[in-house]
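# A closer look at the structure
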Amino acid sequence: MSEQKRKYEKKARAEAEAQTRQRITESAVELHGSLGPARTSMSAVAEHAGVRRSTLYRHFPDEAARFGACSVHWAMENPPPDISRWEQIEDPAERLAVALGEMYAYYRGAGGMIDKLLRDEQTVPVVAEKFAPYHQFLKIAGEILIRGRGLRGNAAKRTRAAIGHALAFRTWQDLTEAQGLDDDQATALMARLIKVASE
């Protein structure tokens, strides 16, 4: 066999392996979004991806490896709002309106997965570990949204709590799914809540 042919076959094998890994990752992401990580078995991922369990374990030897790949893939497909842009908006009320509008649009697109992750982080340690940046993101977002309001004492405490409540996925979920508001109505309602909290 010529050196050129060996290189070609090696490249073809590597490409096939990469495609298999991608198919497994996408299958796991789809199952995590529909069933949740806690209810997604390795067997289910293998079946959904159309591979043997031995192939799955060759690419992802354990739950942590599988979930790590899924997290990276899903985050690339569903980037959160760029909160650094919010910092550039001087007026706190305008900044809040932009932030909630972008967060609620994000939740509308990514909510199915976030719902399952919030549920499963209580029982699956790897989910809690990989999902921790989301909670840090919300904390930083809250700090950005309270800046420039000149509040102290109880007014600051109430406003911080109201902003945290407004940013939370479960708040958006309840307002839109259970209460029937659209994103703009939910944004306006939360803006009013925060205004009252600051008085």
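Sequence order sets the numbering: in each chain, residues are counted from 1 along the sequence as written. The model is predicted, so local features are restricted to residues of pLDDT at least 70 and side-chain atom pairs to those at 80 or more, both for listing and for counting; the totals for chains, interfaces and linings are taken over all residues. With hydrogens and water set aside, each side-chain value is computed from the structure's full complement of heavy atoms.

## Section: the pattern of salt bridges
Side-chain pairs of opposite charge can arise where the charged atoms are in close proximity. Definition used for salt bridges: Asp or Glu carboxyl oxygen within 4 Å of a side-chain nitrogen of Lys or Arg. Counting across every chain of the model gives 8 salt bridges. The shortest N-O distance in the salt bridge between Arg108 and Asp183 comes to 2.8 Å. With a gap of 75 residues between them, Arg108 in helix H6 (residues 92-120) and Asp183 in helix H10 (residues 183-197) connect regions that are remote in the sequence. Only protein chains enter the accessibility calculation, which uses a 1.4 Å probe. A residue is then buried if its area is under 20% of the maximum for its type, exposed if over 50%, and partly exposed in between. What makes Arg108 partly exposed here is its relative accessible area of 47%. Its salt-bridge partner being Arg160, residue Glu143 comes within 2.7 Å of it at the nearest N-O pair. With Glu143 in helix H7 (residues 125-146) and Arg160 in helix H8 (residues 153-167), this residue pair connects regions lying 17 residues apart in the sequence. Its relative accessible area of 42% is what places Arg160 among the partly exposed residues. Elements are defined by DSSP. Helices are runs of H or I of four residues or more, strands are runs of E of two residues or more, and each kind is numbered from the N terminus.

## Considerations on the packing of aromatic side chains
Whether two aromatic rings pair depends on their centres lying within 6.5 Å, for rings of Phe, Tyr and Trp, where Trp uses its six-membered ring; planes under 30 degrees apart make the pair stacked, over 60 edge-to-face, and the rest tilted. If you walk through the whole model with that rule in mind, you get 6 aromatic pairs. Ring geometry for Phe131 against Tyr134: centres 4.7 Å apart, planes inclined by 5°, an arrangement best described as stacked. Placement of both Phe131 and Tyr134 in helix H7 is noted, with a separation of 3 residues, approximately one turn of the helix. Of the residues examined, Tyr134 reaches a relative accessible area of 11% and is grouped as buried. Taking 5.7 Å as the distance between ring centres and 40° as the angle between the ring planes, the aromatic pair formed by Phe169 and Trp172 counts as tilted. Here the residue Phe169 and the residue Trp172 both occupy positions in helix H9 (residues 169-178), the gap between them amounting to 3 residues, near one helical turn. Each member of the pair Phe169 and Trp172 is classed as buried. The structure contains a cluster of three or more aromatic residues connected by ring pairs, namely Tyr104, Tyr106, Tyr107, Phe169 and Trp172.

## Considerations on the side chain of Arg149
By secondary structure assignment, the location of Arg149 is in the loop between H7 and H8. Residues scored as charged are limited to Lys and Arg (positive) and Asp and Glu (negative), so that His and the chain ends carry no count. We note that Arg149 is buried and unpaired, the nearest opposite charge coming from Asp91 at a distance of 8.0 Å. Each polar contact in these results corresponds to two N or O atoms within 3.5 Å; when the atoms are within protein, one needs to be able to donate a hydrogen and the other to accept it, and residues that are neighboring in sequence are counted only if both atoms are side-chain atoms. Polar side-chain contacts of Arg149 include one of 2.9 Å to the backbone oxygen of Leu145. When checking whether two residues touch, look at their non-hydrogen atoms; a contact exists if any pair is within 4.5 Å. What Arg149 contacts, discounting residues up to four positions off in sequence, is Pro92, Leu96, Thr159, Ile163 and Ile194.

## Describing the nonpolar core
In terms of nonpolar packing, the biggest core is built from 51 residues, with Trp86, Met103, Tyr104, Tyr107, Ile114, Tyr134 and Leu167 touching the most fellow members. With 12 residues, the top contributor of residues to this core is H6. Contacts of Leu167, omitting those with residues within four sequence positions, involve Leu100, Met103, Tyr107, Leu138, Ala141, Gly142 and Leu145. What makes a nonpolar core is a set of buried Ala, Val, Leu, Ile, Met, Phe, Trp, Tyr and Cys residues whose side-chain atoms join them at distances within 4.5 Å.

## What to know about helix H2 (residues 42-49)
Think of an α-helix as 3.6 residues a turn; residues three or four steps apart then line up on the same face. Listing the buried residues of H2 in full gives Met42, Val45, Ala46 and Ala49. Here the buried residues of H2 occupy an arc of 100° about the axis, which is enough to place them on one side. Where H2 ends, the next residue or the one after it, Gly50, has phi of about 75°, a positive value. For this quantity, the arc is that covered by the directions from the helix axis to the C-beta atoms.

## Re the packing of helix H4 (residues 63-77) against H7
When two helices pack together, their arrangement is captured by the angle between the axes and the distance separating the axes. In this analysis an axis means a line fitted to C-alpha atoms, helices contributing only their contacting stretch, and an angle means the value between N-to-C directions, from 0 to 180 degrees. Contact pair H4 / H7: the axes reach a minimum separation of 10 Å and the direction vectors enclose 30°. With respect to their mutual orientation, H4 and H7 come out roughly parallel. Note on packing geometry: the crossing formed by H4 with H7 is right-handed. Along its contact with H4, which presents Glu63, Ala64, Phe67, Gly68 and Ser71, the element H7 presents Val126, Val127 and Lys130. Reported orientations rely on four angle classes, namely roughly parallel under 35 degrees, roughly antiparallel over 145, roughly perpendicular from 65 to 115, and oblique for the rest. Crossings are assigned a handedness: left-handed for a near helix turned anticlockwise from the far helix by less than a right angle, right-handed for a clockwise turn.

## Let's talk about the confidence of the model for the protein
For every residue, the predictor states its confidence as a pLDDT score lying anywhere from 0 to 100. Within the protein, residue pLDDT values average 88, and 93% of them lie at 70 or more. Averaged pLDDT values over the elements of the protein bottom out at 71 in helix H1 (residues 3-34) and peak at 98 in H9.

## Notes on the environment of Thr176
Here Thr176 is to be found in helix H9. When the C-alpha positions of Thr176 and Tyr104 are compared, they lie 9.6 Å apart, and in sequence the two are 72 residues distant. Excluding anything up to four places from it in sequence, Thr176 contacts Arg108, Leu181, Asp182, Asp183 and Ala186.

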